[in-house]
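Residue-level structural notes
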Amino acid sequence: MAEFFHLSTAERLEALDLAANSSGRPPHLLEKDIWVVWSLQHLFAGPYADHLVFKGGTSLSKAYGVIQRFSEDVDLTYDIRAIASDLVGDADAPLPSSKSQEKKWSKEIRARLSDWVAVEIVPRLQHDLARHELLATVRTESDKVFIDYAPLNTGSGYVAPAVMLEFGARSTGEPSEPRTIHCDAAEYLPDVEFPTATPRVMRAERTFWEKATAIHVFCEQGEFRGGDRFARHWHDLVRLDAAGFADRAMADKTIASAVAEHKSVFFFEKNARGDAIDYYAAVAGGLKLVPNDRALAKLADDYQHMVDDGLLLYDAEPFDVLLERCRSIQQRANPSLTTFPRFSLILVWSHPARPHGC
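Let me sum up the structure you'll find in this document. A quick note: this is a predicted structure, and the numbers were derived from the prediction, not measured.

A separate point is the overall build of the chain. If you tally the helices and strands in the chain, you get 13 helices and eleven strands. Summarising its shape, the C-alpha atoms of the chain cover approximately 60 × 50 × 30 Å along the three principal directions. Across the 358 residues that make up the chain, the buried fraction comes to 54%. Of the contacts formed within the chain by residues at least 6 apart in sequence, a portion of 75% connects residues at least 24 apart. Of the charged side chains in the chain, 40 are positive and 52 negative; the average position of the first set lies 7 Å away from that of the second.

Judged by nonpolar contacts, the single largest core of 110 residues is most densely connected at Trp35, Leu165, Phe167, Phe208 and Trp209. Ignoring sequence-local partners within four residues, the contact set of Phe167 consists of Leu43, Leu52, Leu76, Leu113, Trp116, Val117, Ile121, Asp143 and Val145.

Another aspect to go through is the pairing of strand 4 (residues 136–141). Both strand 4 and strand 5 (residues 144–149) contribute to a ladder of six bridges, which runs antiparallel. Residue pairing for strand 5: Arg139 is matched across the bridge by Phe146. Remark: two residues form the turn of the hairpin made by strand 4 and strand 5, two consecutive strands paired antiparallel; Ser142 in that turn has positive phi of roughly 60 degrees.

Counting through the fold element by element, Thr77 comes out in strand 3 (residues 74–78). You can call Thr77 buried: its relative accessible area is 1%. Engagement of the side chain of Thr77 in a polar contact is seen with the side chain of Lys55, the distance being 3.3 Å. Ignoring anything within four residues of it in the chain, the contact list for Thr77 reads His51, Leu52, Val53, Lys55, Gly168, Ser171, Thr172 and Gly173.

Reading the values: rules and limits
- As a convention, each chain's residues are numbered from 1 in the sequence order in which they are written.
- The model is predicted, so local features are restricted to residues of pLDDT at least 70 and side-chain atom pairs to those at 80 or more, both for listing and for counting; the totals for chains, interfaces and linings are taken over all residues.
- Water and hydrogen atoms play no part in the side-chain values, which are based on all heavy atoms of the structure.
- Helical segments are the DSSP runs of H or I of at least four residues, strand segments are the runs of E of at least two, and each set is numbered from the N terminus.
- Per-residue accessibility, obtained with a 1.4 Å probe over protein chains only, is compared with the maximum for each type, and a residue is labelled buried under 20%, exposed over 50%, and partly exposed between these values.
- Whether two residues touch is decided by their heavy atoms; if any such pair falls within 4.5 Å, the residues are in contact.
- For this count, His and the chain ends are skipped, Lys and Arg are scored as positive, and Asp and Glu as negative.
- Where a charge sits is defined by one atom per residue type, namely NZ (Lys), CZ (Arg), CG (Asp) or CD (Glu).
- By nonpolar core is meant a set of buried Ala, Val, Leu, Ile, Met, Phe, Trp, Tyr and Cys residues that side-chain atoms within 4.5 Å join together.
- The criterion for strand pairing is that DSSP finds at least two bridges linking the strands in question.
- Side-chain atoms alone can form a polar contact between residues adjacent in sequence; in general such a contact is a pair of N or O atoms within 3.5 Å, and within protein one must be able to donate a hydrogen while the other accepts it.

Structure representation (structure tokens):
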């Protein structure tokens, strides 16, 4: 069986075209997916794998198969207990206890994470790319790593020929579990060997609350400071609901409270009126998943960009249908104001604006 990256350029082009014709997926997305899986294979074969957790929308599509949206980037958590054991100590919940301590922790963790990426991740990636003679380069932006590959196919330009590995290190990534991941093209080309990976993956129930609270912030602020491509969160939430994970997540008060506590500490945000956003209230019956008219137009525009470039693959429902399904989730999440346990603290303070990713 021939390995995909060992094929000639002409053979790889032919393979992608065959998989595209069989799957209905654009060749440039199938190609990028191969690089995504190769990246995960590399990372979770490394000496730091026990402290890494794969999370976010890409984990939902690749590890759980609950979304048919193409996910182009890889979100990862490096366990805070591994990178900052001296700060965390033996506390049950690895969270700072005050505003000043949070600032100290965040500053120190960001510095350590950037150093760790530069020393551990980048050289190993460069070595593997060179060893396998793969046409790609590695660059960094703080704690983000980009694998820029020479594309065989291009789309509209909405999806770049680069895999972004985005690392964070302010949580444990729990709960998580190992999941096996394959390339999308593999099922259509049985005679070609593609990369595979078995990363530790954040459980889908927690990903539901991570995304739901990010949407809640957008609805409260009327904007998404993390840039474009934010419509994916609404799409992912609806797919999680269809797979039964939304109801399971809403029934799990422990996970909901853990997300609320973590975001209250590390992702303090204000709404459009300047008031602090209460994550505890959001997960306890005050969740907002449908934005107002001004923000709605931004969301609709970003969603259309995703549809036009083929990122939603088979299930690109009309925008109005997507919103109705989000309203249904919102109604079920907010049957009445529920009291959730607040763990050790509720911190309300002001932070500089930062992207509110998932």
